[in-house]
Amino acid sequence: MDLATAAGVGGGGDAPLFKEALAWQAFSRTPVLAIVVTSYGEIWSGSEGGIIKAWPWDAIAKSLSLTSEGKDMASLLVGKAYIDLRNNATVGNMCLLPAADVKHMLVDHCRAKIWSITSMTFALWDARTRELLKVFGIDGQVDLARLEAPVMPEQFIEEEIKVKPTKKEKPQGSFTFFQKSRNALMGAADAVRRVATKGTFVEDNRRIEAVAQAMDGTIWSGCTNGSIIVWDGNGNKLQDIHYHSSSVQCIRALGERVWVGYASGTIQVMDVEGNLLAGWTGHSCPVINMAIGGSYIFTLAHHGGIRGWPLTSPSPLDDILRTELANRELSYTMIENIKVLVGTWNVAQEKASFESLRSWLGSALSDVGLVVVGLQEVEMGAGVLAMAAAKESVGLEGSANGQWWIDNIGKTLDEGISFHRVGSRQLAGLLIAAWASNDLKPHVGDVDAAAVPCGFGRAIGNKGGVGLRIRVYDRRICFVSNHFAAHQENVSRRNADFDHVYRTMSFNKPHGSTASATSVQLHKAASANGNQADEDIPELAEADMVVFLGDFNYRLDGITYDEARDMVSQRSFDWLRERDQLRAEMKAGNVFQGMREGPIRFPPTYKFQRNQPGLSGYDSGEKKRIPAWCDRILYRDSRPVSIAECSLDCPVVAAVTA
């Protein structure tokens, strides 16, 4: 198997040390969620419950002028010098702001305005006077406005604040009555929304998750449904952009471009007019933050991975770079030839002798780089299957029998000396494990495991698949060990088992693995259409190579037991294969679509009696089950056509050698 991979470099440095100049407690009980500094030196901060405070610059400057001995006094002075802006937005004991968490704040220096933003609303302030100018919703509708207050005479409003009405008194004016009613309804609705979105009841699909200001002064806000809303500096809605269905997690603006990171790991670049310039898969998990430094923008993924992208070329491989890279491919890629030994065995709850294992896997000790073994029926019986299902439900897997097989296969491979186990996964009777040679081990990583039950209502692991996704150099290879539905007539059920495993297998990342997209996946994503990735694509479809192995249980049709025995004795395998269910179903496009199988040069593997070698071992009892090739290995590499050379566009080219 040949693999093409691109080289990469990395670096690091020591962090500088900073001396604390001034510190104070902004909120005593609630965490600060957002903070900005105005051009006048004021510090504004927002927290849970809609609390917004401002610290005037004169108080901060006065505290900074104190000597180091007066540091505690300085902190005390600043801490008490804040202005509660929520009080400034209160008329007649009614606050014009919703009591929702202030998640974001943004300062518009050109217009001297401050934006404070909750998950569903925007508030616009005058940065000089600290006056609330406008409060509006995510669709641009004005919920409350500071300009509404002057509708009533100032004297009446003052009396309304001072005098507490009795129960018998009627509301003094339509403004007070409707304003109270509206605020009460909005407050109740917002409280319900806060509880729901923090719990498990409901999640609003249009919450505000990120904001940024572009060079032209427009404000960009990203929502959980993937939409991006652009506002002018006065809070008027300009346009609603929707290029991706995943939640927006972060936005950064620089010059005439705006960068957007999504929960799907997608990164997009737009111009200030909202036109999409580029898009690609940057990470395998949410892009939670971005930072601009030098000539690069750096993206931070949820798993901790950081990647840098050139600002002058807004994608990992744009059209210009792709042409240059293609012309110089040999200067930065290398071709590696790796031999992989893949074996499958339905062990029928038995344990093999060391001699049997040595005969089966002994050839791996010479020039094989990777050994992958799939077993079926390691465990059977209703009690064992039920116990396995219970363990899976709490995140446990494996058994004594499974561990015996892993340990003894490891001994056969001289584990710890010649080979090192890189991963394993057991689901009831299904087991898969992989070992890498000493030479290959440094180039193997990001091993993820998965399991898909197909038995008894898609819940029990007597049938199904277990898989390992392994990065070899810079390529993702998936191995899946399977056991499909039994019995001659259950062809459609076997097809359905494969389809279920292929479409639903989802690899986890055990022990804090930080696997991320490989360079070929980024290359494919950029080459596809420059837009969003299809979130419905199965994970197995995104691998550079996939190998299915196991007891697929496909039988032979239109042949008797005696005829099959005779053909096997004559080694007329081509004649037998014409009656192979799997071959017929693949030809019809019903199963293993796009996959290939090596030439069958071995006798049917089903069904042998225990301790009976050769032809005499085939089932000769009352059932006389017809011999068949139930145990198979099929694969799919990167080749879009039958013949291709290994390259960045076709990074894995595989061939069966035995």
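The residue count restarts for each chain, going from 1 along the sequence in the order it is written. Residues qualify for local features only when their pLDDT is at least 70, as the model is predicted, and side-chain atom pairs are given and counted only at 80 or more; totals for whole chains, interfaces and linings, by contrast, use all residues. Hydrogen atoms and water are omitted, and side-chain values are computed over all heavy atoms in the structure.

Where an unreviewed UniProt entry is consulted, the protein chain appears under the name Inositol polyphosphate-related phosphatase domain-containing protein, with the organism given as Panicum virgatum. Turning to the protein chain, the UniProt record has this under Sequence similarities (unreviewed entry): "Belongs to the inositol polyphosphate 5-phosphatase family." In its Cofactor (unreviewed entry) section, UniProt records this for the protein chain: "Mg(2+)". UniProt positions are given in the numbering used here, feature names are shortened, and annotations may be inferred rather than shown by experiment.

Draft legend 1. Structural detail: the packing of helix H8 (residues 354–361) against helix H11 (residues 400–412). In this analysis, axes come from line fits to C-alpha atoms, helices being fitted only over the stretch in contact, and the angle between any two N-to-C directions falls in the range 0 to 180 degrees. A run of H or I in DSSP becomes a helix once it reaches four residues, and a run of E becomes a strand once it reaches two; helices and strands are each numbered from the N terminus. Two numbers describe how H8 lies on H11: the axes approach to 9 Å, and their chain directions differ by 60 degrees. Along this stretch, H8 crosses H11, giving a crossing that reads as right-handed. Residue-level inspection shows Phe354, Leu357, Arg358 and Leu361 of H8 in contact with H11, the latter providing Trp405, Asn408, Ile409, Lys411 and Thr412. Of the residues that constitute the contact of H8 with H11, the class distribution is 5 nonpolar, 2 polar and 2 charged. Note on convention: near helix rotated counterclockwise from far helix by under a right angle means a left-handed crossing. Clockwise means right-handed. Should any heavy atoms of two residues lie within 4.5 Å, those residues are considered in contact. Nonpolar residues are Ala, Val, Leu, Ile, Met, Phe, Trp, Tyr, Cys and Pro. Charged residues are Asp, Glu, Lys and Arg, and all others, Gly as well, are polar.

Draft legend 2. Local environment of the nonpolar core. Ranked by size, the top nonpolar core spans 27 residues in total, and within it Ile470, Val472 and Phe479 carry the most contacts. Counting only elements with at least two residues in this core, the list comes to strand E26 (370–376), strand E27 (419–427), strand E28 (430–437), strand E29 (444–454), strand E30 (460–472), strand E31 (475–483) and strand E32 (545–551). Among all residues touching Phe479, those that are not within four sequence positions of it are Val340, Val342, Leu370, Val372, Ile432, Val466, Gly467, Leu468, Ile470, Val547 and Leu549. By size, the runner-up hydrophobic cluster in this structure holds 22 residues, among which are Cys454, Phe484, Leu540 and Phe592. What makes a nonpolar core is a set of buried Ala, Val, Leu, Ile, Met, Phe, Trp, Tyr and Cys residues whose side-chain atoms join them at distances within 4.5 Å. When a residue's accessible area, from a 1.4 Å probe over protein chains only, is under 20% of the maximum for its type it is buried; when over 50% it is exposed; and in between it is partly exposed.

Draft legend 3. Local environment of the sheet that holds strand E19 (residues 266–271). Strands were regarded as paired on the criterion that DSSP finds at least two bridges between them. Taken in spatial order, the 4 strands make up an open sheet running E17-E18-E19-E20, and their pairing is antiparallel. In the strand order of this sheet, the two ends are held by strand E17 (248–254) and strand E20 (276–281), each with one partner. Between one strand and the next, the sheet's axes are offset by a mean angle of 15 degrees, whatever the strand orientation. Relative to E19, strand E18 (residues 257–262) runs antiparallel, the two sharing 5 bridges. Directly across from Val260, in E19, lies its bridge partner Gln268.

Draft legend 4. Spatial organisation of the side chain of Thr266. In this fold, Thr266 is placed in strand E19. The exposure class assigned to Thr266 is buried, which follows from its relative accessible area of 1%. N or O atoms closer than or at 3.5 Å make up a polar contact, with two conditions inside protein: a donor-capable atom paired with an acceptor-capable one, and, for residues adjacent in sequence, both atoms drawn from side chains. Of the polar contacts made by the side chain of Thr266, one reaches the side chain of Ser264; its length is 3.0 Å.

Draft legend 5. Geometry of the pattern of salt bridges. We count a salt bridge whenever a side-chain nitrogen from Lys or Arg sits within 4 Å of a carboxyl oxygen from Asp or Glu. Per the counting criterion, the structure on display carries 19 salt bridges. Put simply, Arg128 and Asp126 hold a salt bridge, and the shortest N to O gap is 3.7 Å. Judged by relative accessible area, Asp126 falls into the buried class, the value being 13%. As a salt-bridge pair, Arg469 and Glu539 come within 3.4 Å of each other at their nearest N and O atoms. One end of the pair, Arg469, is in strand E30; the other, Glu539, is in the loop between helix H14 (519–528) and E32, and 70 residues separate them in sequence.

Draft legend 6. Up close: the sheet that holds strand E4 (residues 52–55). If you trace the 4 strands from one edge of the open sheet to the other, you get E2-E3-E4-E5, paired in antiparallel fashion. Where the open sheet ends on each side, the last strands, each with one partner, are strand E2 (32–37) and strand E5 (83–84). Pairing of E2 with strand E3 (residues 43–47), which is carried by 5 bridges, proceeds in the antiparallel orientation. Considered in E3, the bridge of Ala34 is made with Gly46.

Draft legend 7. The arrangement of helix H13 (residues 491–504) in detail. Multiplying 1.5 Å by the residue count of a helix minus one yields the expected span of that helix. Helix length check: H13 (14 residues) gives 20 Å between terminal C-alpha atoms against 20 Å at 1.5 Å per residue, within 8%. Every buried residue of H13 is accounted for by Val491, Arg494, Asn495, Asp497, Phe498 and Val501. What you see down the axis of H13 is that its buried residues fit within an arc of 155 degrees, all on one side. Exposed positions of H13 whose direction lies more than 90 degrees from the buried face are Ser492 and Arg503. Turning to H13, the residues buried within the fold contact E29, helix H12 (455–458), E30, E31, E32 and helix H17 (581–587). Within this analysis, the arc is defined by the directions that extend from the helix axis to the C-beta atoms.

Draft legend 8. Examining the pairing of E26 more closely. Extensive coverage of E26 is indicated by the burial of 7 of its 7 residues. Along E26, one buried face is formed by Leu370, Val372, Gly374 and Gln376 and the opposite face, lined by Val371, Val373 and Leu375, is buried too. In the sheet, strand E25 (residues 340–346) pairs with E26 via 7 bridges, with the strands oriented parallel. By the bridge assignment for E26, Thr344 is matched with Gly374. Bridge count between E26 and E28: 6 bridges; the pairing is antiparallel. Pairing of Val372 across the sheet is with Ala434, part of E28.

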